[in-house]
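Listed below are the residues making up each chain.
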Amino acid sequence: MPPWNRLRRFTGGGCAMGEVAVIGLGGMGRAIARNLVRAGHETVVWNRSEGPAEELAEAGALRAASVAEALRCPVVFSVLSDDSAFAETFLDSGVLDEARHGVVHVNVATVSVGLARRAAEAHAAHGVGYVAAPVFGRVSVAEAGELNVLAAGEPELVDRAQPFFDVIGTRTWRLGELPEQANIVKVLGNYLIACAIQSLGEAVSVADAAGADPGQFVELLSSTLFPGPVYSGYGSMIARRTYQPAGFTTALGRKDLHLALDAAAGQAVPLPFGELLRDVFDQAIADGRAADDWAAIAERQPR
């Protein structure tokens, strides 16, 4: 069926014509929506700019005319960049007043603990279910449908989203009944990645200065002591000093670091290395590396 007919069906038929919606079609959102379409789910999409939605309509998605229209679907994923974008779209816009009672909203974004609590309260007040489901995995992992989904919320709400989690990821980690529990795990995971990048940058700088081959050094580490995508992937970038294209930018890395520091402060737990990393990220951004992959913080080391 041509995309314009699919749009007309959704606009005329309301939620009956879509099983799931995806709001926010950046790299991650597009990958998630495309995999849902490929899996045979009637998938509704909305994005602030038209291009990504048009692209997905050509692949078989249904286009919503507004966020409110997308919220007529039984399950709605949102994949927005940060607290501000999420609050502007859902909490400060009045759109929840128009949401169908019983909808489950799954927030894939990495947001603060405070925002997660505010979102859960606002959704409950409007009879809308709320699940936090940030993910581990870059866009290439999302495209392959191999994300790790960190889900938290009322069990029955997570159950309703689970068939879609099974499409976009290889495993769903159920982390508790409070949405904020998924967000704290996500920001701490990203904090540990930042720590690994910083330590890799230091170690590679020393090895390089001593005449050892940086690429071989990273291959050794990632094949023996530290197997896995963090040391192999980011280590390779650092050894080659290549930070484009960015899978996750330095600016976003700084945002997530600050979320981790704020979460730790809320628990009265110090993160001394995190304070050092704050300075490293700030300097990297001052050096013009905001749009580079966050592995670029390694360039703060003398090479």
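For every chain, the first residue of the written sequence is number 1, and numbering continues from 1 onward in sequence order. Totals for whole chains, interfaces and linings use all residues, but because this is a predicted model, local features are given only for residues with pLDDT of at least 70 and pairs of side-chain atoms are given and counted only at 80 or more. To obtain the side-chain values, all non-hydrogen atoms of the structure were used and water was disregarded.

Draft legend 1. The arrangement of the packing of helix H9 (residues 179–209) against helix H11 (residues 229–240) in detail. In contact at an axis separation of 10 Å, H9 and H11 are set at 45 degrees when each is read in the N-to-C sense. Considering the angle they form, H9 stands oblique to H11. Like other packed secondary-structure pairs, H9 and H11 cross with a definite hand, here right-handed. Touching Ile-193, Ala-196, Ile-197, Ser-199, Leu-200, Gly-201 and Val-204 of H9 are Val-230, Tyr-231, Tyr-234, Gly-235 and Ile-238, all from H11. Each residue is assigned to one class: nonpolar for Ala, Val, Leu, Ile, Met, Phe, Trp, Tyr, Cys and Pro, charged for Asp, Glu, Lys and Arg, and polar for all the others, Gly among them. Residues that form the contact of H9 with H11 fall into these classes: nine nonpolar, three polar and no charged. Axis angles are defined between N-to-C directions and span 0 to 180 degrees, where every axis is a line fitted to C-alpha atoms and, for a helix, only to the segment in contact. For the purposes of this entry, the term helix denotes a DSSP run of H or I that reaches at least four residues, the term strand denotes a run of E that reaches at least two, and both are numbered from the N terminus. For classification purposes, an angle smaller than 35 degrees is called roughly parallel, one larger than 145 roughly antiparallel, one from 65 to 115 roughly perpendicular, and anything else oblique. Each helix crossing is assigned a hand: it is left-handed if the near helix lies turned anticlockwise from the far helix by less than a right angle, otherwise right-handed if that turn is clockwise. Only heavy atoms matter for contacts: two residues are in contact if any of them lie within 4.5 Å across the pair.

Draft legend 2. Representation of the layout of surface pockets in the model. The space that makes up the largest pocket amounts to roughly 1,100 Å³. Around the largest pocket, the lining is made up of 41 residues, and of these Met-28, Gly-137, Lys-186, Gly-247 and Phe-248 lie nearest the centre. Of all the secondary structure elements, the ones that give two or more residues to the lining of the largest pocket are helix H2 (27–38), helix H5 (83–91), strand E7 (135–136), helix H7 (139–143), H9, H11 and helix H12 (250–266). Ranked by residues supplied to the lining of the largest pocket, first place goes to H11 with five residues. Broken down by class, the residue content of the lining of the largest pocket amounts to 21 nonpolar, 15 polar and five charged. Put plainly, a pocket is an open set of points on a 1 Å grid over the protein atoms alone with protein on both sides within 12 Å along at least five of seven lines, a cavity is a set where a 1.4 Å probe fits but cannot get out, and a lining residue has an atom within 4 Å of a point. Grid points are joined across faces, edges and corners, and a volume is the space filled by probe spheres set on the points.

Draft legend 3. Summary view of the nonpolar core. Nine residue types can take part in a nonpolar core, namely buried Ala, Val, Leu, Ile, Met, Phe, Trp, Tyr and Cys, and a core is a set of them joined through side-chain atoms within 4.5 Å. When accessible area is computed with a 1.4 Å probe and restricted to protein chains, residues below 20% of their type maximum are described as buried, those above 50% as exposed, and intermediate ones as partly exposed. Judged by nonpolar contacts, the single largest core of 33 residues is most densely connected at Val-22, Ile-32, Leu-36, Phe-77, Val-106, Phe-165 and Ile-168. Secondary structure elements with two or more residues in this core: strand E1 (20–23), H2, helix H3 (50–58), strand E4 (75–78), strand E5 (104–107), strand E8 (147–151) and helix H8 (155–168). In terms of residue count, the dominant contributor to this core is H8 (seven residues). By size, the runner-up hydrophobic cluster in this structure holds 30 residues, among which are Ala-194, Leu-200, Tyr-234 and Ala-298.

Draft legend 4. Main features of the side chain of Asn-107. Structurally, the position occupied by Asn-107 is in strand E5. Those residues in contact with Asn-107, other than ones at most four positions away along the chain, are Ser-78, Phe-86, Tyr-130, Val-131, Ala-132, Ala-133 and Pro-134.

Draft legend 5. Molecular detail of the environment of Glu-156. Here Glu-156 is to be found in helix H8. In this structure, the C-alpha to C-alpha distance between Glu-156 and Asn-183, residues 27 residues apart in sequence, is 19 Å.

Draft legend 6. Fine view of H2. With 12 residues, H2 extends 17 Å from end C-alpha to end C-alpha; this agrees with the ideal 16 Å at 1.5 Å per step. Of all the residues in H2, the buried ones are Met-28, Gly-29, Ala-31, Ile-32, Ala-33, Asn-35, Leu-36 and Val-37. Where H2 terminates, the next one or two residues include Gly-40, which has phi positive at roughly 95 degrees. Here a helix's expected span is defined as the number of its residues, less one, multiplied by 1.5 Å.

Draft legend 7. Focus on the sheet that holds E5. Spatial strand order, E3-E2-E1-E4-E5-E6: six strands in an open sheet with parallel pairing. This sheet does not close on itself; its edge strands, each paired only once, are strand E3 (62–63) and strand E6 (129–132). By the bridge criterion, two bridges tie strand E2 (residues 43–46) to E3 in an arrangement that is parallel. Residue pairing for E3: Val-44 is matched across the bridge by Leu-62. Contacts from helix H6 (residues 113–125) reach E5 and E6 within the one sheet, and its direction differs from that of E6 by about 160 degrees. Strand pairing is assigned whenever DSSP identifies at least 2 bridges connecting the two strands.

Keep in mind these numbers describe shape, not what the thing actually does.
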